[in-house]
Amino acid sequence: MTAMRRGWCPDLFAPMQARDGWLVRVRPPLGRLTMAHGMLIADAATRWGNGHIEMTNRGNLQMRGFTPDGVSAFAEQAVAAGLAAPDAVRERLRAVLVSPLAGCDPACAPDTLAVAERLLAALSDADRLDDLPPKVGFAVDGGGFFPVGALHADAGVSAVAGGWSVRCGAFMSAPIPAQSAIGHVVTIARRLAAEPQAPRVGGDPGRARAMLAGLRDVVPLDPPACPSPVGPLPGGQTGLGVAFGRLKADDLRTLACVRDLRVTPWRTLIVTGSAGRGAFVTDPDDPLMRVQACVGPAGCARAGGDVEGLARALAPPWRGGLLHVSGCAKRCAHPGQADVTWVAHDGRYDGIDARGRSVPGWDGRTAEQVRALMHAHAQGDECP
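Conventions used here
- Residues numbered from 1 in each chain as written.
- Predicted model: local features only at pLDDT ≥ 70, side-chain atom pairs only at ≥ 80, totals over all residues.
- Heavy atoms only, no water.
- Phe/Tyr/Trp six-rings, centres within 6.5 Å; stacked < 30°, edge-to-face > 60°.
- Buried < 20%, exposed > 50% of the residue type's maximum accessible area, 1.4 Å probe, protein only.
- 1 Å grid on protein atoms, 1.4 Å probe; cavity = no way out; pocket = protein on both sides within 12 Å on 5 of 7 lines; lining within 4 Å.
- Points joined across faces, edges and corners; volume = space filled by probe spheres on them.
- Nonpolar A, V, L, I, M, F, W, Y, C, P; charged D, E, K, R; others polar.
- Salt bridge = Lys/Arg side-chain N within 4 Å of Asp/Glu carboxyl O.
- Helix = DSSP H or I, 4+ residues; strand = E, 2+ residues; numbered from the N terminus.
- pLDDT = per-residue confidence, 0-100.
- Contact = heavy atoms within 4.5 Å.
- Expected span 1.5 Å × (residues − 1).
- Arc of directions from axis to C-beta.
- Pairing = 2+ DSSP bridges.
- Axes fitted to C-alpha atoms, helices over the stretch in contact; angles between N-to-C directions.
- Parallel < 35°, antiparallel > 145°, perpendicular 65-115°, else oblique.
- Core = buried A, V, L, I, M, F, W, Y, C linked by side-chain atoms within 4.5 Å.
- Polar contact = N/O pair within 3.5 Å; in protein donor to acceptor, adjacent residues only side chain to side chain.

**Digging into the packing of aromatic side chains**
What the rule picks out here adds up to four aromatic pairs. Arranged with centres 6.2 Å apart and planes meeting at 65°, the rings of Phe-66 and Phe-74 form a pair that is edge-to-face. Residue Phe-74 is classed as buried on the basis of its relative accessible area, which comes to 0%. Considering the side-chain rings of Trp-342 and Trp-362, the 5.0 Å spacing of their centres and the 15° angle between planes classify their relative orientation as stacked.

**Details of empty space enclosed by the protein**
Inspection of the entire model under this criterion finds three cavities of 30 Å³ or more. Of the pockets and cavities examined, the largest cavity occupies roughly 40 Å³. Split by residue class, the lining of the largest cavity holds six nonpolar, two polar and one charged.

**A look at the pattern of salt bridges**
The final tally for this structure, using the stated rule, is 17 salt bridges. Here Arg-64 ties to Glu-54 by a salt bridge, and the two come within 3.3 Å at their closest N and O atoms. Of this pair, Arg-64 sits in strand β5 (residues 61–66) while Glu-54 sits in strand β4 (residues 52–55); the two residues are ten residues apart in sequence, bridging distant segments of the chain. Note on accessibility: Arg-64 and Glu-54 belong to one class, buried. Across the pair Arg-200 and Asp-154 runs a salt bridge whose closest N-O atoms are separated by 3.0 Å.

**Some thoughts on the layout of surface pockets**
In this structure, the second largest pocket occupies an estimated 340 Å³ of space. Around the second largest pocket, the lining comprises 21 residues; the ones closest to its centre are His-52, Arg-246, Leu-247, Glu-308 and Arg-312. If you tally residues by element for the lining of the second largest pocket, the top one is strand β14 (residues 246–248), at three residues. Considered class by class, the residues forming the lining of the second largest pocket number eight nonpolar, four polar and nine charged.

**As for the confidence of the model for the chain**
Detailed reading of the predicted coordinates is not advisable wherever pLDDT falls low. Considering every residue of the chain, the mean pLDDT works out to 92; 96% of them sit at 70 or more. When the criterion is pLDDT under 50, residues 1–7 qualifies, and its contacts beyond four places in sequence or with other chains add up to 19 contacts.

**So, helix α5 (residues 178–194)**
Helix length check: α5 (17 residues) gives 25 Å between terminal C-alpha atoms against 24 Å at 1.5 Å per residue, within 8%. Every buried residue of α5 is accounted for by Ala-178, Ala-181, Ile-182, Val-185, Val-186, Ile-188, Ala-189, Leu-192 and Ala-193. Summarising the axial view, the buried residues of α5 lie within an arc of 160°, below the 170-degree limit, and thus occupy one face.

**Here we look at the sheet that holds strand β3 (residues 32–33)**
If you trace the five strands from one edge of the open sheet to the other, you get β3-β15-β16-β13-β12, paired in antiparallel fashion. Since the sheet does not close on itself, it has two edges, and those belong to β3 and β12 (231–233), each with one partner.

**Details of the packing of helix α1 (residues 35–47) against helix α2 (residues 68–80)**
Helix packing for two helices is described by the angle between their axes and how far apart those axes are. The contact between α1 and α2 brings their axes to 11 Å, and the two run at 170°. Considering the angle they form, α1 stands roughly antiparallel to α2. Where α1 abuts α2, its residues Leu-40, Ile-41, Ala-44 and Arg-47 lie against Phe-74, Gln-77 and Ala-78. Taken together, the residues of the contact of α1 with α2 sort by class into five nonpolar, one polar and one charged.

**Some remarks on the side chain of Ser-173**
Mapped onto the fold, Ser-173 is located in the loop between β10 (171–172) and α5. The class of Ser-173 is buried, set by a relative accessible area of 5%. Leave out the neighbours within four places in its chain, and Ser-173 touches Ser-165, Val-166, Leu-215, Arg-216, Asp-217 and Val-218.

**Observations concerning the nonpolar core**
Ranked by internal contacts, the top residues of the largest apolar core, which has 40 residues, are Leu-123, Phe-138 and Trp-164. Where this core is concerned, the elements lending two or more residues are β6 (96–98), α4 (112–125), β7 (138–141), β8 (155–160), β9 (163–168) and α5. Sequence-distant contacts of Phe-138, that is, excluding residues within four places in its chain, are made with Ala-95, Val-96, Leu-97, Leu-119, Leu-123, Leu-132, Ala-153, Ala-155, Val-185 and Ala-189. Formed by 35 residues, the second largest nonpolar core is a distinct cluster that contains Trp-22, Leu-61, Leu-247 and Ala-249.

**Here's the deal with the environment of Asp-217**
Looking at the secondary structure, you find Asp-217 in the loop between α6 (205–210) and β11 (219–220). Judged by relative accessible area, which is 52%, Asp-217 ranks as exposed. It is 5.6 Å that separates the C-alpha atoms of Asp-217 and Ser-173, two residues lying 44 residues apart in sequence. Those residues in contact with Asp-217 that sit more than four places away from it in its chain are Met-172, Ser-173 and Ala-174. Polar contacts involving the side chain of Asp-217 include one to the side chain of Arg-216, which spans 3.2 Å.

So this is what it looks like as structure tokens:
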């Protein structure tokens, strides 16, 4: 295992120290979690961590409160079980999102999983990828119920009429055969590895478009409205929402002991058939699924307030799109822009609108004042 680091985008080989102990992430292979892998994660979170598991917006599972010995022991078990790659470089290359309903949704491209497996193999076999930045991610987007564009990644391929489009940032090419598209993604990965200090392509449209040079008809792709991943889904599947992306190890164990799971980047688990509510959200209209919050001061020294407690209080009357309550300016729980964001500092909160602007009169507010302001906003009396 590589040396442990602070201030890092963590994974199995590069854990990060937080207030509540070491934090480690695993990447379920192609977003799939077998019963054995689910039980392994649940048992590790109970034995070596604090008994909680978090879902990230990259489709990873994150465990907290580990000791250094626990990190090493879990890494060995994860590699032996096939849950992780045997070394840090190959583990980073497994950051591939796949349409969660691939193989179940009849509207999703039928070769989505096969293309994803070929992309994984191509990345694993490619040279000159040792310096690929740890936050780079890929996607194989088969469309269907979760439409093309729903998966966010630095690069990838998307199923379109006539073949597979190569994607980089918010741009996509005309369709080409799958194997050619995979080759272009590997080329993009090499270029990203050669410029590890350059801005992310998601925030640099010019750089993203340049990565697709040589391909025909490169056009911008605006992310579509994503349907709710909670409740009944195509192919006899059910989406189980995880409020704030945090679940107890026992809840995962209850599911994993009877069925395989699919992990989504929207903080939900997908199971075959119906499933009891338990600790999960099954109503697609539940406001808890439209509110995000980080772990707060229990696990992060940066957090300036009890953000989860405030988020839970704000959820019932919330009728908007996405509401984000962040413990600090980093906004880890939702790096993008929400309809309304409250950022904590020194026990108070500043309000930010959907365009990223400070809202007049919404700065330096106590939690009680935030609740009053959001109640007025819900009644239409005050708008950001």
